[in-house]
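Notes for the structure review
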Amino acid sequence: MIRSEILRDIAPLLCDHLVVCNIGLPSQELHMIDDQPTNFYMLGTMGLSSSIGLGLALAQDKKVIAIDGDGSVLTNFGTLSTIANNCADNFILLIIDNGSYGSTGDQPTYAGKKTSLTAVALACGCENVIECQAEETGAVLKSALEGDKMTIIVSKCKSGNIKVPVIIMDPVVIRDRFMTAVKA
Amino acid sequence: MSVNEEIVSDLVANKIEFVTSVPCKQLAGVIDTIEACPEIFHIPSNKEDEGMGLCAGAFMGGKRPAIIMQNTAIGVTINTLATLIQFYRMPLPMLISYRGELGEPVACQVEMAVHTKALLAQFNIPTYHFHHQDDVNELDAILKHTFMCNKPVAILTDASFWKEC
Ligand SMILES: [Mg+2]
């Protein structure tokens with residue numbers, strides 16, 4: 001399974017919750033598969049999906065799922081210690097770990113080599129860290145949503161991309177639509 | 001009221017409830033005061049761009065944010081300022097320790113100080129410079145301005161300002 005297949009799989013779980021989606025192909029894929037006002041698409045700023053998601057979860061009570069990538073977590077490694085030390089039980093970080101920088105042409109990341117993001121998250125002090133295979137992502141996410149515990153999911157999948165259009169929605173429209181959904 | 005208490009009371013009066021910080025010696029007192037303030041949730045960041053991500057999320061969650069950092073962080077956060085805070089039009093007061101000005105003991109700090117205002121000007125970021133203790137009286141208006149215009153706004157606080165306090 002590749003990332004877009006995971007997103008297709010979990011879209012019915014995502015649509016009822018606030019979702020912060022990582023820059024590049026993940027946002028473009030989610031936008032194509034199931035555009036929702038509850039989705040915040042990152043159009044830039046690699047690495048900050050988990051930070052935006054945590055800030056959002058700490059500021060209000062609805063459940064927040066931040067979709068991140070292995071490359072993006074590697075570029076903002078400090079985030080895992082901030083998450084561990086500022087627990088928000090309405091927060092789920094879903095790291096789709098395909099071992100590559102998908103949006104830039106599938107160059108390998110260190111997460112696909114010796115570095116285990118699961119081990120790093122645990123070492124940072126995150127308490128509920130679940131590593132799963134791509135096929136299990138839906139079930140793991142579902143039980144994380146049912147439990148009221150902050151959860152980090154590391155979903156191991158194959159690298160690979162599908163053809164997908166860029167998002168042409170204006171960023172202020174994305175943000176305003178999202179904030180209206182947050183308040184609803 | 002001490003200047004740290006004055007700053008924090010302006011934050012509270014402007015309903016700022018979510019503050020992230022990366023420490024600086026000059027800002028130690030204000031960070032301690034924020035940490036002790038029950039109206040403000042304080043979340044330390046490892047890096048200032050991470051902090052801006054937290055602030056963006058908090059803002060979308062309905063809480064007014066602010067970031068406390070050193071001017072060296074302008075170098076760290078340029079991309080985040082452009083592609084997140086400005087592109088999505090989010091308000092963000094940045095209380096900045098302006099290192100490398102008169103009285104600075106560390107030469108390297110001057111290297112970033114000489115670029116600080118130029119970078120902020122290049123990014124069309126409204127910039128205020130606190131040099132004397134009385135300058136803090138403008139903070140309330142600056143915060144109101146920030147949330148009126150939905151922009152990142154820089155408040156540079158130099159060593160002379162903190163020395164008078
Ligand atoms: Mg990847």
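For the structure itself, consult the block above.
Not measured: the values here are computed from a predicted model.

Some thoughts on the overall build of chain B
In terms of helices and strands, chain B carries seven helices and six strands. Here the C-alpha atoms of chain B give a radius of gyration of 14 Å, agreeing with the 15 Å that 2.2 N^0.38 yields for 165 residues. For chain B, the residues scored as buried account for 55% of the 165 residues in total. In chain B, 77% of the contacts between residues at least 6 apart in sequence involve partners at least 24 apart. Of the roughly 6800 Å² of accessible surface on chain B, 55% is carried by carbon and sulfur atoms. Treating the 11 positive side-chain charges of chain B as one cloud and the 19 negative ones as another, the clouds have centres 7 Å apart.

Remarks on the overall build of chain A
In terms of helices and strands, chain A carries eight helices and eight strands. Over its C-alpha trace chain A gives a radius of gyration of 15 Å, about what one expects of a compact globule, namely 16 Å for 184 residues. Taken along the three principal axes of its C-alpha coordinates, chain A extends 40 × 35 × 30 Å. The buried share of chain A, reckoned over its 184 residues, is 59%. The contacts of chain A with a sequence gap of at least 6 include a subset with a gap of at least 24, amounting to 71%. As presented, chain A carries roughly 7300 Å² of accessible surface, and 53% of it is formed by carbon and sulfur atoms. Side-chain charges in chain A split into 14 positive and 20 negative, and the spacing between the mean points of these groups amounts to 3 Å.

Re the packing of aromatic side chains
What characterises a pair of aromatic rings is the spacing of the ring centres plus the angle enclosed by the ring planes. Using the criterion set out here, one finds six aromatic pairs over all chains in the structure. With a centroid separation of 5.8 Å and 40° between ring planes, the pair formed by Phe18(B) and Phe41(B) is classed as tilted. Taken together, the residues span a long stretch of sequence, with Phe18(B) in strand 1 (residues 16–21) and Phe41(B) in strand 2 (residues 41–44) at a distance of 23 residues. Judged by relative accessible area, Phe18(B) falls into the buried class, the value being 1%. Taking the relative accessible area as the measure of exposure, Phe41(B) reaches 35% and is therefore partly exposed. On the numbers, 5.5 Å between centres and 50° between planes, the contact of Phe130(B) with Phe161(B) is tilted. Pair noted here: Phe130(B) is in strand 5 (residues 127–130) and Phe161(B) is in helix 7 (residues 159–164), with a separation of 31 residues, a long-range link. Residue Phe130(B) shares its accessibility class with Phe161(B), and that shared class is buried. One aromatic cluster in this structure is built from Phe40(A), Phe178(A), Phe87(B) and Tyr88(B).

A short note on the sheet that holds strand 8 (residues 151–156) of chain A
All names here are of chain A. What the six strands build is an open sheet, ordered 2-1-3-4-8-7; its pairing is parallel. Looking at strand neighbours, the two that pair on one side only are strand 2 (39–41) and strand 7 (129–133), the edges of this open sheet. Between one strand axis and the next, the sheet turns by 20° as a mean value, whatever way the strands run. Strand direction decides the pairing type here: strand 3 (residues 64–69) and strand 4 (residues 91–97), joined by six bridges, are parallel. Among the inter-strand pairings, glycine 69 is bridged to a residue of strand 4, identified as isoleucine 96.

Reading the values: rules and limits
Residues numbered from 1 in each chain as written. Chains lettered and ligands numbered in written order. Predicted model: local features only at pLDDT ≥ 70, side-chain atom pairs only at ≥ 80, totals over all residues. Heavy atoms only, no water. Helix = DSSP H or I, 4+ residues; strand = E, 2+ residues; numbered from the N terminus. Rg over C-alpha atoms; globule rule 2.2 N^0.38 Å. Buried < 20%, exposed > 50% of the residue type's maximum accessible area, 1.4 Å probe, protein only. Contact = heavy atoms within 4.5 Å. Areas by Shrake-Rupley, 256 points an atom, 1.4 Å probe, with all protein chains shown as cover. Lys, Arg positive; Asp, Glu negative; His and termini not counted. Charge placed at Lys NZ, Arg CZ, Asp CG, Glu CD. Phe/Tyr/Trp six-rings, centres within 6.5 Å; stacked < 30°, edge-to-face > 60°. Pairing = 2+ DSSP bridges. Axes fitted to C-alpha atoms, helices over the stretch in contact; angles between N-to-C directions.

In short, the description is geometric, and any link to function would need to be established separately.
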